[in-house]
Amino acid sequence: MSAGFFWLAASTGLLSLLTPCVFPMVPVTIAYFSTPDHDNSRGLRRALLFALGIVATFTILGLALAAIFGAAGLNRFAADPWVNLVLAALFLAFAANLFGWFEIGITWRVSNAADRVARDATPGSSFGALVMGATFTLTSVTCTAPFVGTLLVLASQGSWTMPIAGMLVYSAAFALPFFLLAAAPGLVSHLPRAGEWMRTLRVLIGLLEVAAAIKFASNADLVLGWGIFTRNVLLLAWSGLAVAGAAYLARNVRARIQTRELGLQTIASIAVALLLAAWLASGVNERRRLRQIEAFLPPISPLSAQASSVRGEPVWMLNDHAGALASARSTGRLVFVDFTGYTCTNCRWMEANIFTRPDVSAELGQFVLSRLYTDGEGEIYERQQAFQEKTFGTVALPLYAVVDADGNVRATFSGLSRDPADFIAFLRRARG
């Protein structure tokens, strides 16, 4: 499992605390743990159980996803175009909710029922604290769902443990501040009050959700072959959203300057948003690779069954392993097999940041290159996934293997590596 994935899970868990559905409820929730008899041990126990209720609710979601789809099905779940289109629609709905265009109340019946159960329980009971944690999770869903949905899709790389681990880390980060504040209630008074900054944050998070919706629509596009949500379209759309964020931050700037209420923080935020817009736009038309976010962009090379060469990089044979073996027999070379996926972010990261390095590209040029997608819709993708599972005992992505012209495995390399020397060493060992 990637350390970067766990870092993302923890950071999104903490970021979720700043959303409008969660932050204003922090003092109210902490008040639930106040005990009239000043029994600190009881308060800490209830705080811990509340946090466990949050962790359990999110983790059960990850467990359910793993149980329903299994390791092999998780890849197709992440790439399924209809799943991605539904997620895109949900993100747009949540964004509209944050913009104040309408209110989403679909969870209130469930959360109110859970809240009544918690309040009817014996005061200070373990059951009541656990249900309160679950209740709080349900009532915050309109703000946390985009983070959770993105994390679950990123976790769906062929390992059934990833969604569970991702939700465990996310929920632990999300619940930790509640436990710490419950342990030291006096710290609540030092939290900033919800005000104009919260309304601004609400809009900015809404813009992020629109950006995520475009990304999920792009995932569907990759599988269905529309050719609409291309790399350029994504970058231009994201750049435009960054400009919109800067414009929103800059509203009423003239009035605020006249009243000397325009702080350095606002000016810095506007500048960062504009710099982000310019940086994103700099990647349009492949003028430069944006290595930090290439993993979230559609690949530059065309996704067709024909061999393609981009910027002088080695030629790949796409979804034609038999052809690659035939080429290996005629050239006397080994075959480098890249098991990848349309929505595999780790795969995109390796392609953008490792494969494009001149030293790595030179080593790859010594092989016949076979790239096999395993998460698309259709018999060919199911066959390639079955081939990966039968031959290598896993469906996790990415997986790299070196085989000879008869298909005998020489070496394998699993997962993402940020060390080019490590990957080059693997290639050289495989060539002997």
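Note that the structure is a prediction, hence the values are computed from the model and not measured.

Chemist: Can you explain the overall build of the protein? Please cite residues and give values.
Modeler: The secondary structure content of the protein amounts to 17 helices and five strands. Looking at the protein residue by residue over its 432 residues, the buried ones come to 51%. A fraction of 73% describes how many contacts in the protein between residues 6 or more apart in sequence connect residues 24 or more apart. Surface accessibility of the protein: about 20,100 Å² in total, with carbon and sulfur atoms responsible for 63%.

Chemist: Give a description of the sheet that holds strand β5 (residues 409-414) that names residues and reports values.
Modeler: The sheet built from five strands is open, its strands ordered β1-β3-β2-β4-β5 with mixed pairing. Strands at the two margins of the open sheet, each flanked by one partner only, are β1 (316-318) and β5. Going from strand to strand, the sheet's axes swing by 20° on average, the running direction of each strand aside. Taken together, the five bridges between strand β2 (residues 335-340) and strand β4 (residues 399-403) define a ladder with antiparallel strand orientation. From the neighbouring strand, Val335 faces β4, where its bridge partner is Val403. Along the sheet face, helix α13 (residues 321-331) touches β1, β2, β3 (368-373) and β4 and points at about 170° away from the line of β3.

Chemist: Explain the side chain of Ser417 residue by residue, including any values.
Modeler: Following the sequence through the fold, Ser417 ends up in the loop between β5 and α17 (420-431). Taking relative accessible area as the criterion, Ser417 reaches 7% and is therefore assigned buried. There is a polar contact of 3.3 Å between the side chain of Ser417 and the backbone nitrogen of Asp419. In contact with Ser417, not counting residues within four places along its chain, are Trp349, Met350, Ile354 and Asp422.

Chemist: Please give an account of the packing of helix α10 (residues 231-249) against helix α12 (residues 264-281) that cites residues and values.
Modeler: Relative to each other, α10 and α12 sit at 165°, their axes nearing to 8 Å. When the axis of α10 is compared with that of α12, the two are roughly antiparallel. Every pair of crossing elements has a handedness; the one defined by α10 and α12 is left-handed. Residues Leu235, Trp238, Ser239, Ala242, Val243, Ala246 and Leu249 of α10 pack against Thr266, Ser269, Ile270, Ala273, Leu274, Leu276, Ala277, Leu280 and Ala281 of α12. Looking at side-chain class alone, the contact of α10 with α12 contains 13 nonpolar, three polar and no charged residues.

Chemist: I'd love a proper account of unusual backbone geometry, names of residues and values included.
Modeler: The omega torsion of the bond from Leu397 to Pro398 falls at -5°, within 30 degrees of zero and hence cis. Its location among the elements puts Pro398 in the loop between α16 (379-392) and β4. Unlike most non-glycine residues, Asn319 shows phi in positive territory, near 55°. By the element assignment, Asn319 lies in the loop between β1 and α13.

Chemist: Could you give me a rundown of the pairing of β4, with the residues and numbers involved?
Modeler: In terms of burial, β4 is largely enclosed, as five of its five residues are buried. Alternating residues of β4 divide into Leu399, Ala401 and Val403 and Tyr400 and Val402, and every residue in both groups is buried. Pairing of β4 with β5, which is carried by five bridges, proceeds in the antiparallel orientation. Opposite Val403, over in β5, you have Val409 as the bridge partner.

Chemist: Which residues make up the state of the cysteines, and what values go with them?
Modeler: Per the counting criterion, the structure on display carries one disulfide. Disulfide pairing places Cys344 opposite Cys347 at an S-S distance of 2.2 Å. The chirality of the disulfide connecting Cys344 with Cys347 is right-handed, given an S-S dihedral of about 80°.

Chemist: Explain the environment of Glu389 to me, using residue names and the numbers behind them.
Modeler: Within the secondary structure, Glu389 is located in helix α16. Here Glu389 is in contact with Thr394 and Val395, once residues within four sequence places are set aside.

Chemist: I'd love a proper account of the nonpolar core, names of residues and values included.
Modeler: In terms of nonpolar packing, the biggest core is built from 22 residues, with Phe336, Phe355, Leu364, Tyr400, Phe423 and Phe426 touching the most fellow members. Counting residues per element, the ones that place at least two in this core are β1, α14 (345-353), α15 (358-364), β4, β5 and α17. The element that contributes the greatest number of residues to this core is α17, accounting for five residues. Beyond its immediate sequence surroundings of up to four residues, Tyr400 is in contact with Phe336, Val337, Asp338, Met350, Phe355, Ala411, Thr412, Phe413, Gly415, Phe423 and Phe426. Residues Phe136, Tyr170, Phe174 and Phe178 belong to the second largest nonpolar core, which totals 20 residues.

Chemist: Talk me through the side chain of Thr356; I want residue IDs and the actual numbers.
Modeler: With respect to the secondary-structure elements, Thr356 resides in the loop between α14 and α15. Here the side chain of Thr356 touches Ala352 through a polar contact of 2.7 Å, landing on its backbone oxygen.

Chemist: Lay out the pairing of β3 in plain terms, naming residues and giving numbers.
Modeler: Every other side chain in a regular strand lies on the same face of the sheet, so the side chains alternate between the two faces. Judged by how many residues are buried, β3 sits mostly within the fold: six of six residues are covered. Burial of β3 is two-sided: the residues Val368, Ser370 and Leu372 facing one way and the residues Leu369, Arg371 and Tyr373 facing the other way are all buried. Both β1 and β3 contribute to a ladder of three bridges, which runs parallel. Note that in β3 the partner of Trp316 across the bridge is Leu369.

Chemist: For the pattern of salt bridges, give the residues involved together with the corresponding values.
Modeler: Per the counting criterion, the structure on display carries seven salt bridges. Across the salt bridge formed by Glu294 and Arg231, the nearest N and O atoms sit 2.4 Å from each other. Linking Glu294 in the loop between α12 and β1 with Arg231 in helix α10, this pair joins segments that are 63 residues apart in sequence. Among the residues examined, Arg231 registers a relative accessible area of 6% and is labelled buried. Here Arg383 ties to Glu379 by a salt bridge, and the two come within 3.7 Å at their closest N and O atoms. Residue Arg383 and its partner Glu379 are both found in helix α16; the two are separated by four residues, about one turn of the helix. According to the relative accessible area criterion, Glu379 is exposed, its value standing at 61%. Salt bridges linked by common partners bring Glu363, Arg428 and Arg431 together as one network.

Thresholds, definitions, all that
Residues numbered from 1 in each chain as written. Predicted model: local features only at pLDDT ≥ 70, side-chain atom pairs only at ≥ 80, totals over all residues. Heavy atoms only, no water. Helix = DSSP H or I, 4+ residues; strand = E, 2+ residues; numbered from the N terminus. Buried < 20%, exposed > 50% of the residue type's maximum accessible area, 1.4 Å probe, protein only. Contact = heavy atoms within 4.5 Å. Areas by Shrake-Rupley, 256 points an atom, 1.4 Å probe, with all protein chains shown as cover. Pairing = 2+ DSSP bridges. Axes fitted to C-alpha atoms, helices over the stretch in contact; angles between N-to-C directions. Polar contact = N/O pair within 3.5 Å; in protein donor to acceptor, adjacent residues only side chain to side chain. Parallel < 35°, antiparallel > 145°, perpendicular 65-115°, else oblique. Left-handed = near helix turned anticlockwise from the far one by under 90°. Nonpolar A, V, L, I, M, F, W, Y, C, P; charged D, E, K, R; others polar. Disulfide = S-S within 2.5 Å. Core = buried A, V, L, I, M, F, W, Y, C linked by side-chain atoms within 4.5 Å. Salt bridge = Lys/Arg side-chain N within 4 Å of Asp/Glu carboxyl O.

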